[in-house]
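Chain by chain, the residues run as shown.
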Amino acid sequence: MDMGLALLPGVDWSVSVVDLGSGEVLASHAPDRLLSTASVGKVFVLVELAERLRSGELAPDQPLDRRAVAPVADSGLWQHLMTDVLPLVDVARLVGAVSDNLATNVLIDLLGLDAVRARAGEWAPRGSDLVDVVRGLRGPDDPPHLSLGCAADLVDVLARLWTERSTSGSVGETVLGWLAPGMDLSMVASAWHQDPLSHAEEPAGPVIVNKTGTNLGVRADVGVVDSGGRATAYAVLANWTEDPPGNGRDEVMRALRGIGDAVRAAVG
């Protein structure tokens, strides 16, 4: 199928849209191109955590203390809450719902970055990876990106999670459950006009489960759209030179929303 995606020139894109029932590739552009994906790589933290919960190595009510890591701001809620200690699964829910940076680093501290990266290598063989912890500022000695990803890897990860979702206690059920309340529907997912604060059980449209990533010169949206009779996975990644800050941002966001409109027209 040719969906006629309008990809903005001057932007590096990696795109894949796949029907999860038939496996048909509905749209594709440079699907193996590795790009900066910002917070999308946090999915690999959630996968590793879900694997350890499934094996019984960790307990869902295990208390985690945010004071175990350095403070980090930007996205998230925990930095604004009074409590220093939350149960493990609530920390995971913060990552899934609001891409919580502090919660992410607490989980990486618990799991170990090397273990998360090894898990990413198993699930995403083309090189998608969580490269580092979340940092407020990246110095010259730090990795330049939080995560890297390509659309083909990320659609495969979503497809694997989706396949497992109906098995109780599976990694797929657990991770998709954490991601379901995700509040960023500003990019591809904007096409369905759902309530970003309450869309996990949308009565007037498909169920959308997604994860986004945002940074200077980075926009990424990966997700599954489930219309009941049909499930479609998409990964749309965009990198460009945002210098000065704001340069090209409006155009990229319009392009992302246009891609969402094209996906909706194709799959409902």
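Just so it is clear, the model here is predicted, and its values are computed rather than measured. (Residues numbered from 1 in each chain as written. Predicted model: local features only at pLDDT ≥ 70, side-chain atom pairs only at ≥ 80, totals over all residues. Heavy atoms only, no water.)

A. Expanded view of the sheet that holds strand E8 (residues 207–215). Across the sheet, 5 strands lie side by side as E2-E1-E10-E9-E8; this open sheet has antiparallel pairing. Two strands close off the open sheet at either side, each with one partner strand: strand E2 (25–29) and E8. Here the average twist between neighbouring strands, direction ignored, is 5 degrees. Sheet topology places E8 next to strand E9 (residues 218–226); 9 bridges connect them, and they run antiparallel. For Ile208, the partnering residue across the bridge sits in E9 and is Val225. (Pairing = 2+ DSSP bridges. Helix = DSSP H or I, 4+ residues; strand = E, 2+ residues; numbered from the N terminus. Axes fitted to C-alpha atoms, helices over the stretch in contact; angles between N-to-C directions.)

B. Structural view of the packing of aromatic side chains. Under the counting rule described, the total for this entry stands at 0 aromatic pairs. Here the basic side chain of Arg160 rests over the ring of Trp123, its NZ or CZ set 3.8 Å away from the ring centre. (Phe/Tyr/Trp six-rings, centres within 6.5 Å; stacked < 30°, edge-to-face > 60°. Lys NZ or Arg CZ within 6 Å of the ring centre and 35° of its normal.)

C. Representation of unusual backbone geometry in the model. Omega for the bond connecting Asp243 with Pro244 falls within 30 degrees of zero, at 5 degrees, which places this linkage in the cis form. Relative to the assigned elements, Pro244 resides in the loop between strand E10 (231–239) and helix H7 (249–267). Of note, the phi angle at His193 is positive, near 55 degrees, even though the residue is not glycine. Residue placement: His193 occurs in the loop between helix H6 (171–179) and E8.

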